[in-house]
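This is what each chain is made of:
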Amino acid sequence: MKKPWVKKLFLVFGIFFGLILIANFALNIWLKTQLPDYIKKNTAYKVSYKKLEVDLATGNIFATAIKVESKTTKNTQVLGLQGTVDTLEISRFGIFDAVFNEKISTTDLFLASPNLNITLADAKDKKTGKKKNPVSFENIRISNGKITVFKPTKEKFISVQNLNLIVENLHTTDEIVDNQLPVVFDSYHLRGEDFFFQPNKLYQLTIAKVTTKDGQMSVNNFILKPLLSFDDFKKNFPEEKQLFQFTIPQMSFSDIVLKKNKVSLSKAVFVHPQFLVYTNKVAAQKKEKKPFNFELDVKIINFVNASAQIIKPDRSHLLLAKKINFNVDNFVFNKETSQETIPVHYKDFKFSGEDILLAANDDIHVKNILINPKKGVFNNISLSNVQTQSDVKVNQIAFNINEWKIQDKKLNFDVKDVLIDKISGVYKLSGVGGVKKKTTYSGIHFPIIIRNINVKNSDFTLDKGNQPIAFKQLNAQVNNVEVSPKKNNSGLAVKINDYHLSATDFSYKTKFYLMTAGDLNLSKNKALITNFAMKPLVSRAQFIKMIPVENDLYDLKFAQITATGNWDFFSENKSIVANSVIISNANANIFRSK
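Residues numbered from 1 in each chain as written. Predicted model: local features only at pLDDT ≥ 70, side-chain atom pairs only at ≥ 80, totals over all residues. Heavy atoms only, no water.

Engineer: Help me understand the side chain of aspartate 414 in this model?
Structural biologist: You can see aspartate 414 is positioned in strand β25 (residues 410–429). Aspartate 414 gets classed as buried once you look at its relative accessible area, which sits at 14%. Those residues in contact with aspartate 414 that lie beyond four places of it in its chain are Ile401, Asn402, Glu403, Ile449 and Arg451. (Helix = DSSP H or I, 4+ residues; strand = E, 2+ residues; numbered from the N terminus. Buried < 20%, exposed > 50% of the residue type's maximum accessible area, 1.4 Å probe, protein only. Contact = heavy atoms within 4.5 Å.)

Dropping the structure here:
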């Protein structure tokens, strides 16, 4: 026989569940008949629907054929809504938060065929001054959505067509938190078309299509374009240094993971990207560096057949690269790397390019380039300058690297060898003087070591101040070069420990003379010159008129000069110390101007 208290317990539970069922039934009747009027009277919206079911026990909500619109568009403190939703499903709706905390929270949200225009409320509450985030979802599903978001100023902000979205275990921060991403999630699935994003009055971003499959996101026709012409940009944004325009027909991202302050990807690929950057003359402004504590970790990054342009303020090219391929393995960017000269770490990289033009002081064009951490090759290089009338061509520059790494936050260079093959043409130094600016090289570990430089088969003229020095069939071997800053930081000093150069024809023109030689062999301690001649370029009468004080005019011819000693032509303190000089078959004609 059952005990009396057991019967009472069953009775209490029966009454309790009965009350819940009655309340649930009554609530659903009230929701169906009275909720639209209640929402209209007590909220900023007018809502209608065909069917609505609410379960108080679970917090689940189901509604169909929903139509919503704001009663007024003038209140910028309230989120503006206008549109329709075919089906709405909400699981575990936080009724207590909705009633007492004015916050919508739910574990699952499903929207079928939403067609919504959303006008954002002001980011901060005018009373509290804090940013508002009244919505919290863990899992979101949207199918066949058409959504447009406007700023509080009624400017179009974001839009998307045919949106299908699944996000699981979504977490957002109410306010911007240092060292933490504002949004993180465990998994996602996204498909949509005609994405639009206009963050400010300067840029507009559009994407034709986004799809995800098997953990990979594919993006088609990514376009970032400026809303102003370059002239209007310089006029309206004089403090901005650069204006960007990017077009990427196809890009893909694999295995995206967002966790606290870290973004991780297994692979990022950009196919046929086109980068265009306009530069503006803006004085450098010192800005306080904010602490950086975010991390980007990408196992593989590929840029396939990219092109790049950097435009100067006068609309001429600073850089033009028609075809670039760039691969990076184990790319890492974080707080530690951001403080180094090269702000990223990597395991390996490979850069190749074709038809690259760099126009700084001179126009440098390279037919093709290949660079990796161990070597680099530049083929068919041309250098020109219309103002100075320089025109130089180089068949190839190649180098091998012993070491290229970051050590104590400084870039450490150790170059094994450099080959410069077939220099031809004339390079004229501009001769324009100016105040030499002091340069700091805090991010480079000195000295930079170059073990060997080899110049082969070159016909080259260097002209400074109309005093050209010319070599034919120049071959040079330079060993153990050390590059370090000058004491006053006005540039770089070069120290050469050993060298040897030879040329079959040599000439040097000065104000009064033309010096020539048949063969030239020169090393650190020895010199051999054949068929040397030093001929005056002016007559004796002209020479007297041109010199401020008495001087001699020479006309010399030597069959051979042999010398030993020690001379330095490359450092700041140039010197010649000859132990012995032997001259064969000398012929000298000296005019004294007395």
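Engineer: I tried to follow the pattern of salt bridges on my own but got confused; where do I start?
Structural biologist: Note that side chains of opposite charge can pair when their charged atoms are close. Counted according to the given criterion, the structure contains nine salt bridges. A salt bridge links aspartate 231 to arginine 315; the shortest N-O distance between them is 3.5 Å. Remark: arginine 315 occurs in the loop between β19 (295–311) and β20 (317–333) and aspartate 231 occurs in helix α3 (residues 230–236); sequence separation between them is 84 residues. On the basis of relative accessibility, which here comes to 44%, the residue aspartate 231 falls in the partly exposed class. For arginine 315, a relative accessible area of 44% corresponds to the partly exposed category. Here aspartate 297 makes a salt bridge to lysine 262, at a shortest N to O gap of 4.0 Å. Remark: lysine 262 occurs in strand β16 (residues 262–265) and aspartate 297 occurs in strand β19; sequence separation between them is 35 residues. (Salt bridge = Lys/Arg side-chain N within 4 Å of Asp/Glu carboxyl O.)

Engineer: Looking at this structure, how should I read the packing of aromatic side chains?
Structural biologist: Where two aromatic rings form a pair, the distance of their centres and the angle of their planes describe that pair. The tally for this structure, following the rule as stated, stands at 17 aromatic pairs. Taken together, a centroid distance of 6.2 Å and an interplanar angle of 65° make the contact between phenylalanine 275 and phenylalanine 303 edge-to-face. Taken together, the residues span a long stretch of sequence, with phenylalanine 275 in strand β18 (residues 274–279) and phenylalanine 303 in strand β19 at a distance of 28 residues. With relative accessibility at 23%, the residue phenylalanine 275 sits in the partly exposed group. An aromatic cluster is defined as three or more aromatic residues linked by ring pairs; in this entry it consists of Phe244, Phe246, Phe253, Phe270, Phe275, Phe303, Phe326, Tyr346, Phe349 and Phe351. One Lys or Arg, lysine 156, reaches over the ring of phenylalanine 196 and ends 4.5 Å from the middle of that ring. A cation over a ring is seen here: lysine 234 above phenylalanine 230, with NZ or CZ 4.7 Å from the ring centre. (Phe/Tyr/Trp six-rings, centres within 6.5 Å; stacked < 30°, edge-to-face > 60°. Lys NZ or Arg CZ within 6 Å of the ring centre and 35° of its normal.)

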